[in-house]
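Residues per chain are reported as follows:
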Amino acid sequence: MRPPPPLLLLAALAAAAARPGCPLARGPAGECHGPWAAHSATCVDMQLRTCSDVAYNQTTFPTLLEHRSREAVESSSEYILLSVLHHLLEGQCNPDLRLLGCAVLAPRCEGGHVHRPCRHVCEGLREACQSAFDAIDMAWPYFLDCGHYFSSVEEGCYDPLEKLRGGLDADEALPSGLPPTFIRFTHHSYAQMVRVLRRTAARCAPIAKTYSIGRSFNGKELLVIEFSARPGQHELMEPEVKLIGNIHGNEVAGREMLIYLAQYLCSEYLLGSPRIQRLLNTTRIHLLPSMNPDGYEVAAAEGAGYNGWTSGRQNAQNLDLNRNFPDLTSEYYRLAESRSVRSDHIPIPQHYWWGKVAPETKAIMKWMRTTPFVLSASLHGGDLVVSYPFDFSKHPQEEKMFSPTPDEKIFKLLARAYADVHPMMMDRSENRCGGNFLKRGSIINGADWYSFTGGMSDFNYLHSNCFEITVELGCVKFPPEEALYTIWQHNKEPLLNFVEMAHRGIKGVVMDKFGKPVKNARILVKGIRHDITTAPDGDYWRLLPPGSHIVIAQAPGYSKVIKKVTIPARMKRAGRVDFILQPLGTGPKKLLLGPRRNGSGPRDPPGGASPYGEPEEPGWEPLGGRRQPSAGGSKPWWWSYFTSLSQHKPRWLLKY
């Protein structure tokens with residue numbers, strides 16, 4: 001926390017000295033603490049635009065920061081900071097921090113009494129959001145000091161984020177007479193979606209839980225429901241699968257399919273379905289029904305049948321999320337020309353962070369970093385086909401062109417696992433939706449359909465171990481409610497069949513001669529120039545087509561181990577292939593070549609980095625890649641903005 005400028009401090013102290021009845025305990029700006037909060041106050045209507053969505057209607061003056069009028073608040077640098085915070089932090093911690101700040105700048109007033117916000121809420125946000133401030137070289141705002149402006153639960157505090165939660169923890173009872181297994185085949189608003197997911201997780205608590213991977217630009221939780229024998233934990237050699245819907249806000253069928261799938265998995269498990277119990281006991285499944293809840297709200301406002309082709313497609317920043325990921329495919333084509341460097345696990349180039357990166361995109365990338373996903377599908381709408389990487393064409397003019405990955409064979413099997421059991425994709429009529437893909441078996445290489453850059457599927461393949469396909473669920477992007485049950489019937493079996501594909505190929509553990517797991521060891525398959533790496537526990541999964549394969553495990557400081565494996569055509573359970581690596585002798589160690597030559601270069605990411613160009617800290621946020629202060633102690637890039645808008649320079653935002 002940094003004190004305000006000396007002149008302001010003196011003025012605040014002088015003003016405080018003139019007020020009778022103020023306790024001795026004061027903050028850096030001369031504000032009162034303790035008993036003052038409980039004294040009577042005159043409540044007035046809330047008229048601050050930046051704070052218009054708080055969970056209360058009235059405030060009082062002077063505020064906790066001693067602003068004596070609405071005009072004084074609006075001209076303050078504290079208020080200006082709150083109004084631009086979501087832009088400064090690029091959507092992170094929004095609107096949580098703004099609502100927390102409003103609770104201090106415009107305190108809650110009810111029944112003639114002022115109520116302070118809860119200290120534990122402030123502390124939780126500071127722990128989660130401090131790294132975002134550090135990334136832009138900004139000090140934590142003094143008025144969000146949890147020890148000065150907030151109270152404990154015992155002192156009668158309130159949660160300033162209660163409206164943001166929107167009562168979503170409340171259970172939504174089913175109509176009387178309906179069994180708990182009943183699925184409503186309707187469109188779900190954001191609040192309804194969250195209630196259904198949380199209710200489902202509560203019903204199946206031993207095998208399910210919900211968690212958030214971040215927030216949308218407008219502050220909605222990106223809520224995931226997970227199914228596993230041990231929810232919340234990665235189990236050794238249990239493959240991790242993610243299904244993502246609604247990346248385009250107006251393509252809503254995938255959103256509803258995943259909401260229905262969550263309820264179906266829970267109900268079938270409880271009813272004793274052997275297939276579902278086996279699946280959930282051997283697979284960790286993560287469902288993210290809506291990656292773009294802000295865009296969905298725009299599309300839903302128009303309603304089914306009235307939605308245009310693009311209304312609500314983008315997020316609240318007007319960004320197409322499936323064009324917002326790093327373009328690693330161009331780098332792959334460059335690296336593929338050389339045999340001396342790797343062309344997998346390509347790091348994110350630093351210049352990517354110079355552009356506008358959506359918080360939803362960042363959330364997915366952080367999610368991928370913390371979970372060793374093996375398999376993924378992104379559910380879209382607008383056609384009826386399954387596409388697979390690459391989506392960005394290798395054609396010099398970026399025209400559509402067949403552009404396969406080194407794993408073309410397994411990607412085709414993954415796509416067919418979905419399409420071959422989808423009744424409409426197998427319909428022989430060329431006049432139907434998606435009929436132009438009939439001769440291809442309703443699957444297609446993405447770049448052979450149309451080429452685009454910045455897609456999520458290409459990023460998954462080139463940056464991680466995860467293989468992702470794209471499923472177009474139908475020609476109507478926002479189908480009418482009466483069509484949802486039929487769409488579910490068409491996609492239930494394909495979804496299950498696809499998830500079960502996570503068990504194709506081989507799996508195992510890489511360890512040293514003492515049985516210690518070797519993380520980040522490389523698993524190579526001869527003839528497929530795409531390696532995968534072991535998870536922190538030393539386990540790995542390698543999706544492979546049937547046939548014989550030469551598999552190699554290697555890691556820096558160890559001798560490589562080579563094994564020949566044969567995968568039968570009808571084998572539906574991954575074969576276990578473990579590797580025990582022996583340490584090299586005292587001679588020079590053979591180090592694996594990375595995607596870059598030795599030394600640092602312009603591709604290095606901001607902050608400390610791993611061999612793959614990813615920062616080591618688990619709380620990584622790449623926000624400050626272009627925003628570190630220049631040498632010589634000059635002010636951060638955002639300083640001139642505040643000094644041009646406010647007569648009071650907020651030196652408390654400076655770290656030095």
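Everything discussed here concerns the structure shown above.
Since the model is a prediction, treat every value here as computed from it, not as a measurement.

Asks: Please clarify how the packing of aromatic side chains should be interpreted in this entry.
Replies: Here the distance between the centres and the angle between the planes together describe a pair of aromatic rings. Counted under the stated rule, the structure contains 27 aromatic pairs. For the pair Tyr332 and Phe390, a centre-to-centre distance of 5.0 Å together with 50° between the ring planes defines the contact as tilted. Of the two residues, Tyr332 is situated in helix 11 (residues 329-335) and Phe390 in the loop between strand 10 (383-388) and helix 13 (408-419); the sequence distance between them amounts to 58 residues. In this pair, the class of Tyr332 matches that of Phe390, namely buried. With a centroid separation of 5.1 Å and an interplanar angle of 80°, the aromatic rings of Trp367 and Phe373 are classed as edge-to-face. Judged by its relative accessible area of 4%, Phe373 is buried. Among the aromatic residues, those joined into a cluster by ring pairs are Tyr332, Tyr333, Tyr388, Phe390, Phe411, Tyr461 and Phe467. Lying across the ring of Phe452, Arg323 places its NZ or CZ 3.9 Å from the centre.

Asks: It is not clear to me how helix 10 (residues 293-302) should be interpreted in this structure. Could you clarify?
Replies: The complete set of buried residues in helix 10 reads Pro293, Asp294, Gly295, Tyr296 and Ala299. Looking at the buried side of helix 10, the elements it contacts are helix 7 (190-203), strand 6 (221-227), helix 8 (253-270) and helix 12 (359-370). Downstream of helix 10 by one or two residues, Gly303 has phi in the positive range, about 90°.

Asks: Where do I start with the sheet that holds strand 15 (residues 528-533) in this structure?
Replies: The strand order across the open sheet built from four strands is 15-14-17-18, with neighbouring strands paired in antiparallel fashion. With one partner strand each, in any of the chains shown, strand 15 and strand 18 (561-567) form the two edges of the open sheet. Strand after strand, the sheet turns through a mean of 25° between neighbouring axes, direction not considered. Inspection of the sheet shows strand 14 (residues 522-525) paired to strand 15 by three bridges, in the antiparallel sense.

Asks: Please explain the packing of helix 9 (residues 274-282) against helix 16 (residues 484-500) as it appears in this structure.
Replies: How two helices pack is summed up by the angle between their axes together with the distance between the axes. Contact geometry for helix 9 and helix 16: axes closest at 11 Å, N-to-C directions at 40°. For the element pair helix 9 / helix 16, the angle class is oblique. Crossing angle aside, the handedness with which helix 9 passes helix 16 is left-handed. Side by side, helix 9 and helix 16 meet where Arg275, Ile276 and Leu279 of the first sit next to Glu493, Leu496, Asn497, Val499 and Glu500 of the second. Of the residues contributing to the contact of helix 9 with helix 16, the split by class is four nonpolar, one polar and three charged.

Asks: Would you explain the sheet that holds strand 9 (residues 373-380) in this entry?
Replies: The pairing of strands in a sheet comes from backbone hydrogen bonds and takes either a parallel or an antiparallel form. With respect to topology, eight strands assemble into an open sheet ordered 5-6-8-7-9-12-10-11, the strand pairing being mixed. Pairing within the sheet leaves two strands with one partner each, and these edge strands are strand 5 (208-215) and strand 11 (443-445). Taken over all neighbouring pairs, the strand axes of this sheet differ in orientation by 25° on average, direction set aside. Pairing analysis gives three bridges linking strand 10 to strand 11, with the strands arranged parallel. Across the sheet, Ser387 pairs through a bridge with Ile444, a residue of strand 11.

Asks: Which parts of the structure should I look at to understand the state of the cysteines?
Replies: Linking two cysteines covalently via their sulfur atoms produces the bond known as a disulfide. What the rule picks out here adds up to six disulfides. Here Cys43 is linked by a disulfide to Cys109, with a sulfur-sulfur distance of 1.9 Å. Every disulfide takes its handedness from the sign of the S-S torsion; for Cys43 and Cys109 that torsion is -75°, giving left-handed. Of this pair, Cys43 sits in the loop between helix 1 (6-17) and strand 1 (44-45) while Cys109 sits in strand 3 (residues 108-110); the two residues are 66 residues apart in sequence, bridging distant segments of the chain. The exposure class assigned to Cys43 is partly exposed, which follows from its relative accessible area of 21%. In this model Cys51 forms its disulfide with Cys102; the gap between the sulfur atoms is 2.0 Å.

Asks: Any chance you could explain the environment of Ala253 here in plain terms?
Replies: Locating Ala253 in the fold gives a position in helix 8. As a C-alpha pair, Ala253 and Glu472 span 219 residues in sequence and 9.4 Å in three-dimensional space. Aside from chain neighbours lying at most four places away, what touches Ala253 is Leu473, Lys477 and Pro479.

How each quantity is defined
Chains are numbered independently. Their residues run from 1 in the order of the written sequence. Only residues with pLDDT of at least 70 are given local features in this predicted model, and only at 80 or more are side-chain atom pairs given and counted; all residues enter the totals for whole chains, interfaces and linings. Working from all heavy atoms in the structure, the side-chain values ignore hydrogens and water. Aromatic pairs are defined between Phe, Tyr and Trp rings, using the six-membered ring for Trp, whenever the two ring centres lie within 6.5 Å; interplanar angles under 30 degrees are classed as stacked, those over 60 as edge-to-face, and all others as tilted. Secondary structure elements are defined from DSSP: runs of H or I of at least 4 residues count as helices, runs of E of at least 2 residues count as strands, and each element is numbered from the N terminus. Summary of the burial criterion: residues with accessible area below 20% of their type's maximum are buried, those above 50% are exposed, and those between are partly exposed, where the area comes from a 1.4 Å probe applied to protein chains only. Look at NZ for Lys and CZ for Arg. If either is within 6 Å of the ring centre and within 35 degrees of the ring normal, a charge sits over the ring. In this description, contact between two residues means that some pair of their heavy atoms is separated by no more than 4.5 Å. Pairing between strands requires that DSSP locate at least two bridges from one strand to the other. Fitted lines through C-alpha atoms serve as axes, helices being fitted only where they are in contact, and the angles separating the N-to-C directions of these axes extend from 0 to 180 degrees. Geometric relationships in this document are graded by angle, where less than 35 degrees denotes roughly parallel, more than 145 denotes roughly antiparallel, 65 to 115 denotes roughly perpendicular, and other angles denote oblique. For any helix crossing, the convention is left-handed if the near helix is rotated counterclockwise from the far helix by under a right angle, and right-handed if that rotation is clockwise. Note on residue categories: nonpolar means Ala, Val, Leu, Ile, Met, Phe, Trp, Tyr, Cys or Pro, charged means Asp, Glu, Lys or Arg, and polar means any other residue, Gly included. Note that a disulfide, as used here, is simply two cysteine sulfur atoms within 2.5 Å.

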